[in-house]
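Listed below are the residues making up each chain.
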Amino acid sequence: MDDFYAARSGLIPPLPWSTFSPPFSGLFVSDNGGRTWTAAETPGKVLSLATHRDRPGLVVAGLAEGGVSISEDGGASWRIFEARLPDGEITAVAIASRNPDMIYASLRGDGLWKSEDAGATWSLAMDRPWLDDAERDPLALASVELETGMGGIWIYAGTEVGLTRVPDCFCRWQDVQPGNAMDALVAGEAPPSEAPLPGGEPILSLASAPSAPEVMYAALPSGLWASQDGGVIWQKRASKAATAVAVHPRDETYIAALLGGILKISRDGGATWIETGEQ
């Protein structure tokens, strides 16, 4: 699978597998691993993108104005659902890993919304996460197929100051820690993290590997980071500022990222990198 989708989005870059922000404006598609790009029409200014491994051609776009738009044909045509969400910027979108009809959207200044019918109707799922004594807008979302211990799986959110997550029952936002959601509720307080992401930095992109959901990647100004245990322990994989990252649906070591404004590919989990034109 070599399809990439790219959108130039200003302050908030887009993400998941097949979504990048090369130095141009609009939405672009590559079907050869980023070697060449073709412009695609968009329903408006795109701030965030999501795709799904089990439904080729499905692209969900979060817009600066107009809510969420969905394409079933790789961006050739779009359906817009602006009347079903409050007005505002959609800072991040994600598709549930187990159900491509379940869509999550973060609305700036409002909260996390969900649709269970591919965008036809929406409901408020959760308030914004509370981090460092303030509510924070998710800048990146990822549906991560790891059991929560309370039924269902996790939704991770990258914010301007750090990482958090919530079970998809939407009981409460939690720090990322060893164990499951029930352990955290019983304990009352989270134990200190062993090797968390750098504090106080915006998390601009998150990706969980469908082939190995515990393998995660995060794009931060300090670089590209990787975790092998669902986000408990992180290690830096690239030092240049990272603004987007994606992982192949069938190979957790095959990733692509925008590093220092250049789209690069790694086939060994970030140990080595090549620019897309060098493949």
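Data block above holds the structure.
All of the points below concern the structure found in this document.

Conventions and cut-offs
Residue positions are given per chain, counting from 1 as you read along its sequence in written order. Note on the predicted model: pLDDT of at least 70 is required for a residue's local features to be given, and 80 or more for side-chain atom pairs to be given and counted; whole-chain, interface and lining totals, by contrast, use all residues. Water and hydrogen atoms were dropped before computing side-chain values, which therefore reflect all heavy atoms in the structure. The secondary structure listing takes helices from DSSP runs of H or I that are at least 4 residues long and strands from runs of E that are at least 2 residues long, numbered from the N terminus. The cut-offs for exposure are 20% and 50% of the maximum accessible area for each residue type, with area from a 1.4 Å probe on protein chains only; residues under the lower value are buried, those over the upper are exposed, and the others partly exposed. Any Lys or Arg side-chain nitrogen located within 4 Å of an Asp or Glu carboxyl oxygen qualifies as a salt bridge. DSSP calls a pair of strands paired once it identifies at least 2 bridges connecting them. Orientation is described by axes fitted as lines to C-alpha atoms, over the contacting stretch for helices, and by angles from 0 to 180 degrees between their N-to-C directions.

Take unusual backbone geometry next. Although it is not a glycine, Asp132 sits at a positive phi angle of roughly 50°. For Asp132, the position within the fold is in the loop between strand 13 (130-131) and strand 14 (134-135). On the basis of relative accessibility, which here comes to 55%, the residue Asp132 falls in the exposed class. In this structure, Asp133 takes a positive phi of about 65° despite not being glycine. In this fold, Asp133 is placed in the loop between strand 13 and strand 14. Its relative accessible area of 67% is what places Asp133 among the exposed residues.

We now examine the pattern of salt bridges. Scanning the model with the defined rule gives twelve salt bridges in all. In this structure, Glu145 engages Arg53 in a salt bridge whose closest nitrogen and oxygen atoms are separated by 3.2 Å. Here Arg53 lies in the loop between strand 5 (46-51) and strand 6 (59-63) and Glu145 lies in strand 15 (residues 140-147), a separation of 92 residues in the sequence. Under the relative-accessibility criterion, Glu145 is labelled partly exposed at 26%. According to the relative accessible area criterion, Arg53 is partly exposed, its value standing at 35%. Each of Arg53, Asp54, Arg98, Glu145 and Glu147 takes part in a single network of salt bridges with overlapping partners.

We now examine the sheet that holds strand 19 (residues 212-220). If you walk across this open sheet you meet the four strands as 18-19-20-21, and the pairing is antiparallel. With partners counted over all chains shown, the strands left at the sheet margins are strand 18 (205-209) and strand 21 (234-238), one partner each. Pairs of neighbouring strands in the sheet enclose a mean axial angle of 25°, with direction left out of account.

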